[in-house]
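One-letter residues, chain by chain:
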Amino acid sequence: MSTKKYRVGIVGASGYTGSELARILIHHPQSDLVAITSESHRGKRFSDLHQQFSGILDTTLIGSDELDIQNLDVLFLALPHGVSMEFVKRWMNSGVKLIDLSGDFRLSSPTVYEEWYKKDHTFPEGFETAVYGMPELHAEAIRKARLVANPGCYPTASILSLAPVFHSGVAVDPNGAIVDAKSGTTGAGVKASNTTHFSNVNDNFKAYGIGNHRHTVEIQEQLSFLVKKSVNLQFTPHLLPVDRGILATSYIQLTGGMTQQKLNALYRDFYHDQPFVRIRKEAPAIKEVRGSNFADLFPFWDSRTNRAIIVAAIDNLVKGAAGQAVHNMNLMLGLDESMGLLQVPLQP
Ligand SMILES: NC(=O)C1=CN([C@@H]2O[C@H](COP(=O)(O)OP(=O)(O)OC[C@H]3O[C@@H](n4cnc5c(N)ncnc54)[C@H](OP(=O)(O)O)[C@@H]3O)[C@@H](O)[C@H]2O)C=CC1
Ligand SMILES: CC(=O)N[C@@H](CCC(=O)OP(=O)(O)O)C(=O)O
């Protein structure tokens with residue numbers, strides 16, 4: 001078995017997913033983290049910015065204009081949407097494998113993007129090449145991809161929850177599904193804002209983006225792709241007073257004839273060869289996946305209302321972002337898909 005080291009770079013080092021990528025990649029046996037960029041902190045050391053890396057990763061940050069792109073095998077873009085597309089445009093034909101953590105290339109077309117993100121797309125050509133990076137659904141395409149659009153954190157929890165039932169065709173009305181999701185504040189990025197201000201988050205809990213959050217269309221499109229017809233669903237996010245974690249509870253109306261045993265079998269069969277989806281016997285808690293790449297699912301059949309209720313827990317920064325991105329890298333490089341990603345969750 002080859003033990004070749006692949007040369008890897010991260011753009012956007014000062015952000016949360018940039019730091020989480022570094023945390024995973026430094027222990028990845030076949031990655032060599034050779035370049036980390038920061039526009040706002042170039043010249044500083046990575047560990048000056050993220051002090052938990054002191055003595056572990058003291059690499060000097062460079063500007064993205066200083067990157068020796070020809071010298072890299074893989075480049076992660078951990079940038080805000082709207083910013084990332086310019087970098088994809090610049091490096092699309094450089095030969096480097098690009099993994100974009102933003103939402104810039106996740107949707108089916110620039111038109112859908114502009115409708116939901118309320119901004120112009122400056123690199124529409126990228127949509128022809130981009131592959132939606134959810135390994136549980138698109139592993140074959142990801143293996144051949146030059147540009148992977150890494151999924152959003154809420155869509156990761158939501159799509160994994162709904163896919164087995166939608167794929168089996170037992171939902172009464174695929175348009176009637178409801179996803180009620182809650183996220184920790186790191187989902188909003190490193191920049192302080194009124195929303196993430198301590199006094200507004202601590203001892204508090206609120207819904208936002210009701211009826212119009214951009215992740216609604218991302219979830220709908222992936223499920224539509226799976227069932228080969230248009231899907232409309234209800235998605236409501238909430239902000240939790242915790243650092244990390246997403247807990248999503250999904251409701252799908254079924255006809256009778258379902259049992260708890262059959263529902264469990266549906267989920268176990270759909271994910272039987274997936275290393276990071278764990279089908280649980282009880283509802284998972286966010287601390288049971290914290291710091292790990294696992295997505296824990298609990299399918300529950302409510303015979304009283306004929307509803308399947310699926311509770312999902314992920315770490316938004318790992319399975320919802322950096323971990324899933326490294327999983328995509330493994331597939332793109334033809335490596336064991338779980339390489340460097342089998343950390344045990346940090347509990348308590
Ligand atoms: N946080 C999460 O849970 C998840 C995030 N994502 C997506 O991943 C991407 C990165 O997220 P995250 O790490 O949380 O974001 P952050 O806001 O924490 O970090 C983004 C970084 O991008 C760099 N940057 C470069 N140009 C700009 C610019 N014009 N404006 C602002 N920042 C800029 C900055 O780093 P520097 O100055 O060092 O270059 C900044 O720290 C986003 O697209 C996000 O939507 C996806 C799933 C989950
Ligand atoms: C808690 C929180 O604010 N979460 C973010 C989504 C997280 C994310 O990064 O999603 P994208 O990659 O699709 O932008 C939000 O609701 O906007």
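This text follows the structure it describes.
First, a word on scope: everything that follows refers to the structure included in this document. All values reported here derive from a predicted model rather than from experimental measurement. One numbering rule holds for all chains: residues counted from 1, following each sequence as written. To read the labels, note that chains go from A and ligands from 1, taken in the order they are written. Per-residue local features are limited, in this predicted model, to residues with pLDDT of at least 70; the limit for side-chain atom pairs, both in listing and counting, is 80 or more; totals at the level of whole chains, interfaces and linings are taken over all residues. Hydrogens are left out, water is left out, and the side-chain values use all remaining heavy atoms of the structure.

## Some points on the pattern of salt bridges
Then, in step 1: By definition, a salt bridge exists where a carboxyl oxygen of Asp or Glu is found within 4 Å of a side-chain nitrogen of Lys or Arg. If you walk through the whole model with that rule in mind, you get 15 salt bridges.
Then, in step 2: A salt bridge links Glu-218 to Arg-106, with the shortest nitrogen-to-oxygen separation between them at 3.0 Å. Linking Glu-218 in helix H9 (residues 215-227) with Arg-106 in the loop between strand S4 (97-100) and helix H4 (110-117), this pair joins segments that are 112 residues apart in sequence. You'll find Glu-218 and Arg-106 in the same group, each marked buried. Numbering goes from the N terminus for both helices and strands, where a helix is a DSSP run of H or I of at least four residues and a strand is a run of E of at least two. Think of it in three bands: with a 1.4 Å probe and only protein chains considered, a residue is buried below 20% of the maximum accessible area for its type, exposed above 50%, and partly exposed in between.

## Some points on unusual backbone geometry
Then, in step 1: A cis amide bond links Gln-347 to the next residue, Pro-348, at an omega of 5°.
Then, in step 2: Tracing the sequence through the fold places Pro-348 in the segment after helix H11 (318-333).
Then, in step 3: Here Lys-118, not a glycine, exhibits a phi torsion of approximately 55°, which is positive.
Then, in step 4: By secondary structure assignment, the location of Lys-118 is in the loop between H4 and helix H5 (126-129).

## Describing the environment of Phe-225
Then, in step 1: Considering the arrangement of structural elements, one finds Phe-225 in helix H9.
Then, in step 2: The exposed category is assigned to Phe-225, whose relative accessible area is 53%.
Then, in step 3: The spacing of Phe-225 and His-167 is 58 residues in sequence and 9.9 Å in space, taken between C-alpha atoms.

## Let's talk about helix H3 (residues 84-91)
Then, in step 1: Regarding H3, the residues found buried are Ser-84, Met-85, Phe-87, Val-88 and Trp-91. Summarising the axial view, the buried residues of H3 lie within an arc of 160°, below the 170-degree limit, and thus occupy one face.
Then, in step 2: Contacts between residues were defined by any pair of non-hydrogen atoms, one from each residue, lying within 4.5 Å. Summarising the contacts, the buried residues of H3 are in contact with strand S1 (6-11), strand S3 (74-77), S4, H4 and strand S6 (147-149). Working note: the arc is built from the helix axis to C-beta atom directions.

## Re the pairing of strand S7 (residues 178-183)
Then, in step 1: A pair of strands counts as paired when DSSP detects no fewer than two bridges linking them. Two strands pair when backbone bridges link them, and S7 and strand S9 (residues 234-239) are joined in this way by six bridges, in the parallel orientation. What sits directly across from Lys-182, in S9, is His-238.
Then, in step 2: Pairing geometry for S7 and strand S10 (residues 246-253), over six bridges, is antiparallel. Within S10, the position partnered with Ile-178 by the bridge is Tyr-251.

## Regarding the sheet that holds strand S12 (residues 295-302)
Then, in step 1: With mixed pairing, the seven strands of this open sheet are ordered in space as S8-S9-S7-S10-S13-S12-S11. Two strands in the sheet have a free side with no partner beyond their single neighbour: strand S8 (206-207) and strand S11 (277-279).

## Here's the deal with the nonpolar core
A general tendency of soluble globular proteins is for nonpolar side chains to be buried together.
Then, in step 1: We call a set of buried residues a nonpolar core when its members are Ala, Val, Leu, Ile, Met, Phe, Trp, Tyr or Cys and they connect through side-chain atoms within 4.5 Å of each other. Counting residues in each nonpolar core, the largest one holds 40 residues, and the members touching the most others are Leu-21, Leu-25, Phe-76, Ile-99 and Met-329.
Then, in step 2: Those elements that provide at least two residues to this core are S1, helix H1 (16-25), strand S2 (31-37), S3, helix H6 (135-144) and H11.
Then, in step 3: In this document the domain limits rely on a domain assignment from an automatic tool or a database. Each of domain 1 (6-150 + 319-333) and domain 2 (153-317) accounts for three or more of the residues forming this core.
Then, in step 4: Once residues within four sequence positions are removed from consideration, Leu-25 is found in contact with Val-8, Ile-10, Ser-31, Leu-33, Phe-76, Val-326 and Met-329.
Then, in step 5: Grouped together as the second largest cluster of nonpolar side chains are 38 residues, Tyr-154, Val-179, Ala-295 and Ala-312 included.

## Re the side chain of Asp-104
Then, in step 1: Here Asp-104 shows up in the loop between S4 and H4.
Then, in step 2: No salt bridge is formed by the buried Asp-104. Its closest oppositely charged neighbour is Lys-119, at 6.4 Å.
Then, in step 3: Pairs of N or O atoms are called polar contacts if they sit within 3.5 Å, as long as, within protein, a hydrogen donor faces a hydrogen acceptor (for residues adjacent in sequence, only side-chain-to-side-chain pairs). Within the local environment of Asp-104, its side chain forms a polar contact with the side chain of Tyr-113, the two groups lying 2.7 Å apart.
Then, in step 4: Excluding residues that lie within four positions of it along the chain, Asp-104 makes contacts with His-81, Gly-82, Val-83, Ser-84, Met-85, Tyr-113, His-121 and Phe-127. In this tally Asp and Glu are treated as negative and Lys and Arg as positive; neither His nor the chain ends contributes.

## Focus on the site of ligand 1
Then, in step 1: Being near a molecule or strand, for a residue, comes down to having at least one heavy atom within 4 Å of it. Neighbouring ligand 1 are 26 residues; Ser-14, Thr-17, Ser-38, Ser-40 and Leu-79 lie closest to it.
Then, in step 2: With respect to ligand 1, the backbone of Thr-186 contributes an N or O atom lying 3.0 Å from a nitrogen atom.
Then, in step 3: A 1.4 Å probe and the Shrake-Rupley method give the accessible areas. Residues count as covered only by the protein chains that appear here. Isolated, ligand 1 exposes 880 Å² of accessible area, and the fraction of that covered by the protein chains is 80%.
Then, in step 4: Counting residues per element, the ones that place at least two in the shell around ligand 1 are H1 and H11.
Then, in step 5: Counting only domains with at least three residues in the shell around ligand 1, you end up with domain 1 (6-150 + 319-333) and domain 2 (153-317).

Shape descriptors only; they carry no functional weight alone.
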